[in-house]
Amino acid sequence: MHHLPGTELTVLSQQNNRMGYLSAILTFLIMTFGFCQVGAQNESQAISDPQYWNISPDQDAITWNIVDEDKLPHADDIEMSGQRLSSIVRYEVDKQKYLRVNRDIIFPQLRRFVGSSEPDWYNYRAYLRRSFNDQFLPSIVFEDIILQPKLDSVRIDGQLTFFHSPIEGMIIERTIFPSMTQRQLVEKWVIKNISPVEKRLYIGHTAFEHEEKGIHGVYKVAVRCDSKPEVIIEPGENHSFALYFSAGMSNEPEVNQCFADAEKERKAFLHVMKNNLVLKSPDPVINTLFYFSKIRASESIFETKMGLVHSPGGGNYYAGVWANDQVEYSGPFFPWLGYGNANIAAYNAYKHFLKNIPPKGEFIRSSFEMEGDLPCCSKDRGDAAMISYGTSQFVLASGDKKIAEELWPLIEWSIAYCNANLNGHGVVLSDTDEMEGRILTGDANLATSSLYYGGLINAARVAEMLNKKPGVEKDLLHKAKRLEAAIDNYFGTTIDGIETYRYFDGHQTFRHWICLPLVMGIQTRKEGTLNALFDKLWADNGILVEPGDNVFWDRGTLYAFRGAFKAGAGDRALNRLLSYSRSRLLGKRVPYAVEAYPEYGMRHLSAESALYCRIFTEGILGVEPLGQNRFKITPQIPNSWNELSLTSCKIMKMDLSFYIVNKNNNLHMKISDNDRVIWDGYIDIGESLEIDL
């Protein structure tokens, strides 16, 4: 995505007290009402993080039991999204086990005015955004004492739940989750009476309203609580209520969704995530992180004028589409998952790029932000190569000839653009890559040419699927063959005695994107490239951008894993994959793949989670859709795994399940479509098989 320059505001931490209604409003107006960006402020931790979290028996949740004071204080945040908001919830636990929470809420469709003195790039981040700290919590009074319980444990399972230690014979649980359809963040409270006597409680209400003028009219921000002011809880019973943080426009009905309905929506979404595209490997960490990755990849979908669209999130990127995050990373994954909103969002992204094909000779914009109103930016990042690769992959995985015909002009344009921008050595020119100028890329880089190569191979398959003239497919494959040779001749080199790739002409060190030829199936310099990735670039948090700079972007690591498995180096990659997965799921910064460090402090951008899932679908399982009802499979499961299954895969309009048992590196593999077995037999690790249904 495109990162615009800017500054981050530090959210002021407040004491975890219970202030009254007037004090809450006053503090809000003075200190917290405004634009605040909350991000994980973690240092770059070693991949051998101390373990904070434990996995549930069902491998669908993680829990942090706060028993080790050596790990306190501790702070982290998690992003959760619905169609009309995204929330970055930051939680801090001090040495005494008291909890503080800040709720940073973005309302993507409610665009604010940008002042004349503010820089133009503010228009790209002009979302209504508000931060709410604990001064908006209700006060709970028992026998003239305001209850302030310590924290006992935290659970993440697609929602965020805080379990407080017993106090005065009661236990308080608080669960935070977004509404999936309304502009509302919900914080559900449950007070349980675990004593033998009734408890009479007085609950101080939280209420706040503020109106302001925005681009689409008058906006109203509100905080409300639906508890009764006085309740009696009998022994063994509980009392539930919720705190609501919402926003809306004056010309639309007020948000009045109760917590039970909002929770039902969220759990229905999580049910789909749980039951579609189910991975079962011998490792519970991988299984759980795969499940969590489906959640983060799929929740970041927003209602816009373009229709539903997937967006990266992270506090900056909403209600828009990007050539890398949506077209290349997440779009090709969503047909596997079979989540209806995600498939619609992916299709809408491709349609919007199709709609905005530029005049001949001009490069396409890398993103269309703020509901598509603001295209960006002023450099060619190799976006046409990203589009050729991602669009053709999506079409093949969808298995829908109508969609393929509709999107064929976008594939055709992107290939024509890349072909018209080959230099004299036959590789693709571009101003930069998806790192957008953070680091030198020369005038022709390895990433752009590798993605174009993958686009050519996939486009040839789409041409066959659509019964294009034989010359079309032949020409695409011919271009791919020439480009493969050009990539080796132009980028191939020896660095520090290792035969691998330079990233651009004159580049003298290793770069994380040297993994891309492996991802595209080019194995000419396989051994040297793997040595460079896992020996020279591997560090505390995965693959570094370059050696020695301690800068990493998870997308590079995730692509490297996929490429290593595709290249048959599963045994070499496995321990690093396990170490990476443990860190992201159970360490200091959880529970998803992150964007980068040090930039923006390891935000939980959505599409990176899709890339994690693709390690297994395309790397380890090795499935490549070839067109309508046809696919190739090249299983590359590690020798140490005795079995693997991936069930309820929705690609190509089917419901495929793959079951593999490893018997001394000879795989017994069964493939079914619903209840119909379509293949059952033996295959060697790394052997390819084509299935024509």
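Residues numbered from 1 in each chain as written. Predicted model: local features only at pLDDT ≥ 70, side-chain atom pairs only at ≥ 80, totals over all residues. Heavy atoms only, no water.

Caption draft 1: Here's a closer look at the state of the cysteines. The final tally for this structure, using the stated rule, is 1 disulfide. Between Cys-649, a cysteine without a disulfide, and Cys-613, which holds the nearest cysteine sulfur, the sulfur-to-sulfur distance is 11 Å. (Disulfide = S-S within 2.5 Å.)

Caption draft 2: View of the sheet that holds strand 23 (residues 374-376). In space, the 3 strands of this open sheet follow the order 21-22-23, with antiparallel pairing throughout. Both edges of this open sheet fall to strand 21 (321-322) and strand 23, since each of them pairs with a single strand only. Relative to strand 22 (residues 367-369), strand 21 runs antiparallel, the two sharing 2 bridges. Looking across to strand 22, one finds that Trp-322 is bridged to Ser-367. (Pairing = 2+ DSSP bridges. Helix = DSSP H or I, 4+ residues; strand = E, 2+ residues; numbered from the N terminus.)

Caption draft 3: Structural view of helix 4 (residues 323-330). Most of helix 4 is tucked away: 8 of the 8 residues are buried. Looking at helix 4, one finds that the buried residues are Ala-323, Asn-324, Asp-325, Gln-326, Val-327, Glu-328, Tyr-329 and Ser-330. (Buried < 20%, exposed > 50% of the residue type's maximum accessible area, 1.4 Å probe, protein only.)

Caption draft 4: Structural detail: helix 3 (residues 284-299). Between the first and last C-alpha of helix 3 there are 23 Å, a value that for 16 residues agrees with the 22 Å anticipated at 1.5 Å per step. In terms of residue burial, helix 3 counts as a mostly covered element, since 15 of its 16 residues are buried. (Expected span 1.5 Å × (residues − 1).)

Caption draft 5: Here's a closer look at the nonpolar core. Counting 205 residues, the largest nonpolar core has Trp-53, Tyr-612 and Phe-616 as its most contacted members. With 12 residues, the top contributor of residues to this core is helix 9 (residues 446-465). Within the second largest apolar cluster, 11 residues are counted, among which are Ile-88, Ile-106, Tyr-318 and Cys-376. (Core = buried A, V, L, I, M, F, W, Y, C linked by side-chain atoms within 4.5 Å.)

Caption draft 6: Summary view of the packing of aromatic side chains. One pass over the full model with this rule turns up 30 aromatic pairs. Seen in terms of ring centroids, Tyr-91 and Phe-162 are 5.8 Å apart; in terms of plane orientation they differ by 65 degrees. Their pairing is edge-to-face. Remark: Phe-162 occurs in strand 10 (residues 160-164) and Tyr-91 occurs in strand 4 (residues 85-93); sequence separation between them is 71 residues. On the basis of relative accessibility, which here comes to 0%, the residue Tyr-91 falls in the buried class. Look at Phe-162 and you get buried, because its relative accessible area is 0%. Their ring planes at 50 degrees and their centres at 6.0 Å tell us that Phe-333 and Phe-334 sit as a pair that is tilted. (Phe/Tyr/Trp six-rings, centres within 6.5 Å; stacked < 30°, edge-to-face > 60°.)

Caption draft 7: A look at unusual backbone geometry. Of note, the bond from Leu-72 into Pro-73 is cis; its omega dihedral lies within 30 degrees of zero at 0 degrees. If you trace the backbone, Pro-73 turns up in the loop between strand 2 (62-65) and strand 3 (74-82). In the Ramachandran plot, Leu-277 falls in the positive-phi region, its phi being about 50 degrees despite a non-glycine side chain. Looking at the secondary structure, you find Leu-277 in the loop between helix 2 (259-275) and strand 18 (278-280).

Caption draft 8: View of the environment of Pro-284. Position of Pro-284 among the secondary structure elements: in helix 3. Expressed as a C-alpha distance, the spacing of Pro-284 and Pro-57, which sit 227 residues apart in the sequence, is 9.1 Å. Setting aside residues up to four positions removed in sequence, Pro-284 forms contacts with Ile-55 and Gln-59. (Contact = heavy atoms within 4.5 Å.)

Caption draft 9: Representation of the packing of helix 7 (residues 383-398) against helix 8 (residues 401-420) in the model. Contact geometry for helix 7 and helix 8: axes closest at 8 Å, N-to-C directions at 155 degrees. Here helix 7 is positioned roughly antiparallel relative to helix 8, judged by the angle of their axes. As helix 7 packs across helix 8, the resulting crossing turns out to be left-handed. Where helix 7 approaches helix 8, its residues Ala-384, Ala-385, Ile-387, Ser-388, Thr-391, Ser-392, Phe-394 and Val-395 are matched on the opposing element by Ile-403, Ala-404, Leu-407, Leu-410, Ile-411, Trp-413, Ser-414, Ile-415, Tyr-417 and Cys-418. Partitioning the contact of helix 7 with helix 8 into residue classes produces 14 nonpolar, 4 polar and no charged. (Axes fitted to C-alpha atoms, helices over the stretch in contact; angles between N-to-C directions. Parallel < 35°, antiparallel > 145°, perpendicular 65-115°, else oblique. Left-handed = near helix turned anticlockwise from the far one by under 90°. Nonpolar A, V, L, I, M, F, W, Y, C, P; charged D, E, K, R; others polar.)

Caption draft 10: Examining the pattern of salt bridges more closely. All chains considered together, the criterion is met by 51 salt bridges. For Glu-303, the salt bridge is made with Arg-84, and the minimal N-O distance between the two is 3.2 Å. Of this pair, Glu-303 sits in strand 19 (residues 301-304) while Arg-84 sits in the loop between strand 3 and strand 4, placing them 219 residues apart in sequence. Close ionic contact of Glu-92 with Arg-90 constitutes a salt bridge, the shortest N to O distance being 3.9 Å. With a relative accessible area of 15%, Arg-90 lands in the buried category. (Salt bridge = Lys/Arg side-chain N within 4 Å of Asp/Glu carboxyl O.)

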